[in-house]
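Each chain is listed here by its residues.
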Amino acid sequence: MLTALFAAFLGGIILNFMPCVFPVISLKAFGLIRHDGDLSSARREGLGFLLGVIVTMMVLAGILLAARAGGAAVGWGFQLQSPLVIALLALVILGAALNLLGVFEVGLSLQRAGEISLGRGAFLRSALTGALAIIVATPCSAPFMASAIGYALVQPAAVALTIFFALALGFAAPFTLISLFPALAKRLPRPGAWMNTLKHALAFPMLGAFAWLVWVLAQQAGTTALGTLLAGSVALSFAAWLYGIAQRRHLAGRGYRVMYAVTAALLVAILLPLPSVMKPIETAETTASTTPIKWTPQTVAEQRGHGKAIFVNFTASWCITCQVNDKTSLSTQAVKAALARTGTLYMVADSTKFNADVDDALSQFGQGGLPMYVVYPADGGAPKVLPQVLTPSIVVNALNQAAGKKA
């Protein structure tokens, strides 16, 4: 258990540097540098972020453990198998980008309208940033995390929650430590007018995350859901613009209630149709560097021990680590040549939509989430699980060993 706790904490720290967290990590950095020597405010914001991370992680872990106790096969990032969750998260990310661009403000004060100020809502904003960071982080699985989560999911609830708590602490540790220790905070650049430009620039990583979520939704739910989300995004942008005008009219002492009412009506109109439209559809098999065989446990059982190695790629379109590995390793000429030379059967286990067989396989191999790469030797021997972050040489060596051939 101590090993799992340490792995979870270390994995949480590394998770900050995974690609799916980049958009939100920019918000975390911006939250630090806007403090002009106000150490108490910096500490308050750091603790707010820590609270948001821990509470959100515990809620997600509680839902995950309850689902598994009820017989459902789910793992890390399970909520992103739902098109409805993807659509709602995309709209939240878009709203954050519009806020950074200055279309509207959050926690706007009468005294400091239009400025980059902390205000009394800094703690809440930081807590919400922590919550968003955890949700956005779930498509990634950092080194050490998979084994820790896999261990947690087969332990009693108290032990499992303790491990998820350690993961949350590790994830929040860098930002929180800088906030709590003045010597570290003083090394940050001084606030100034340049921060307005930076604030606007930080909107674009958020828009990139929005575009990625839109793409994932198209894979999961098809063109009808995609069109609904795009229409909702336009309506949300219009609502945010109206809300910003209402805020400025409010500050100027002019009428604003009608605009607030229209904004609320638009938000209701956006959200109401989502549950009925955002449903999974049958999609084509995941494409890869070579023609894949659709994975099922039965297919693996039928093919094992017949003189051919088997490489199984457990993946999903919402798993960013999976997509990075595919581009940097699995799609390289070296890996393609090794697959052909060794005669390895390439199988893809797609978990873009909920797939109970995939989640059962993850549990069987003690892995808490995607990606997972399993190589079955040609002689029918014990399968080998590869690291979650691949290089071409790792894959090629594993294929050669599985096929009983020298490099």
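The shown structure was predicted, so the numbers you read here are calculated from the model rather than taken from an experiment. Here, residues in each chain are numbered from 1, in the same order as that chain's written sequence. In view of the model being predicted, local features appear only for residues whose pLDDT reaches at least 70, and side-chain atom pairs are presented and counted only at 80 or more, with totals across whole chains, interfaces and linings using the full set of residues. Note that water and hydrogens are dropped before the side-chain values are worked out from all heavy atoms of the structure.

Enquirer: Hey, could you run me through the UniProt feature "transmembrane region" (unreviewed entry) in the chain in this one?
Expert: UniProt positions are given in the numbering used here, feature names are shortened, and annotations may be inferred rather than shown by experiment. According to UniProt, the "transmembrane region" (unreviewed entry) feature falls on residues 6–25, 46–66, 86–110, 122–146, 158–185, 197–218, 224–246 and 258–278. Strands here are runs of E lasting at least two residues and helices are runs of H or I lasting at least four, both read from the DSSP assignment and numbered beginning at the N terminus. Across residues 224–246, helical content stands at 100% and strand content at 0%; the span's end C-alpha atoms are separated by 33 Å.

Enquirer: Teacher, can you tell me more about the state of the cysteines here?
Expert: Simply put, disulfide is the name for a covalent bond between the sulfur atoms of two cysteines. Throughout, disulfides are identified as pairs of cysteine sulfur atoms within 2.5 Å of each other. Scanning all chains against the criterion turns up one disulfide. The disulfide partner of Cys319 is Cys322, and the gap between their sulfur atoms is 2.2 Å. The disulfide joining Cys319 to Cys322 has a torsion of about 80 degrees about its S-S bond and is therefore right-handed.

Enquirer: Looking at this structure, how should I read a nonpolar patch on the surface?
Expert: On the surface, Leu47, Leu51, Val55, Val59, Ile63 and Phe123 cluster together into a nonpolar patch covering about 490 Å² of accessible area. Looking at which element gives the most residues to the nonpolar patch, the answer is helix H3 (residues 39–69), with five residues. Position of Phe123 relative to the elements: it lies in helix H5 (residues 122–137). Here a patch means residues that are over 30% exposed by relative accessible area and free of salt bridges, tied together within 9 Å if like-charged and within 5 Å if nonpolar (Val, Leu, Ile, Met, Phe, Trp, Tyr). Surface accessibility follows the Shrake-Rupley procedure with a 1.4 Å probe radius. Residue values consider only the protein chains on display as shielding. A carboxyl oxygen of Asp or Glu within 4 Å of a side-chain nitrogen of Lys or Arg is what we treat as a salt bridge.

Enquirer: What's the story with unusual backbone geometry in this structure? I'm lost.
Expert: Keep in mind that most residues, glycine aside, have a negative phi and that most peptide bonds are trans. Residue Pro371 is reached from Leu370 by a cis peptide bond, and omega for that bond is -5 degrees. By the element assignment, Pro371 lies in the loop between helix H16 (356–364) and strand S4 (372–376).

Enquirer: How should I be thinking about the sheet that holds strand S5 (residues 384–385) in this particular structure?
Expert: Within a beta sheet, neighbouring strands are joined by backbone hydrogen bonds and run either parallel or antiparallel to one another. Here we have five strands laid out as an open sheet, ordered S1-S3-S2-S4-S5, and mixed in their pairing. Here the strands that pair on one side only, and so sit at the sheet edges, are strand S1 (293–294) and S5. Pairing between S1 and strand S3 (residues 345–350): two bridges, direction parallel. By the bridge assignment for S3, Ile293 is matched with Met347. The criterion used for residue contact is that any of the two residues' heavy atoms lie within 4.5 Å. A fitted line through C-alpha atoms represents every axis, and for helices the fit uses only the stretch in contact; the resulting angles, taken between N-to-C directions, go from 0 to 180 degrees. Across the face of the sheet, helix H14 (residues 320–330) comes into contact with strand S2 (310–315), S3 and S4 while running at roughly 140 degrees to S2. Two strands pair under a simple rule: DSSP has to find at least two bridges between them.

Enquirer: Any chance you could explain the nonpolar core here in plain terms?
Expert: In globular proteins that are soluble, nonpolar side chains generally tend to be buried together. For our purposes a nonpolar core is just a set of buried Ala, Val, Leu, Ile, Met, Phe, Trp, Tyr and Cys residues, chained together by side-chain atoms within 4.5 Å. The buried label applies to any residue whose accessible area, calculated with a 1.4 Å probe on protein chains only, is under 20% of its type's maximum; exposed applies above 50%, and partly exposed to all values in between. Ranked by size, the top nonpolar core spans 92 residues in total, and within it Leu15, Ile93, Phe164, Phe171, Trp295, Val312 and Phe314 carry the most contacts. Per element, the largest residue contribution to this core is 14 residues, and it comes from helix H10 (residues 203–251). Here the bounds of each domain stem from an automatic or database domain assignment. Counting contributing residues, this core receives three or more from each of domain 1 (1–212) and domain 2 (293–403).

Enquirer: Explain the pairing of S4 here, please?
Expert: Note on strand geometry: in a regular strand, side chains alternate between the two faces of the sheet. Counting buried positions along S4 gives five out of five residues, so the element sits mostly inside the fold. Side-chain alternation along S4 places Met372, Val374 and Tyr376 on one buried face and Tyr373 and Val375 on a second face that is also buried. Across five bridges, S2 lies against S4 in antiparallel orientation. Bridged to Ile310 within S4 is Tyr376. Looking at chain direction, S4 and S5 are connected through two bridges and run antiparallel. Bridge pairing links Val375 to Lys384 in S5.

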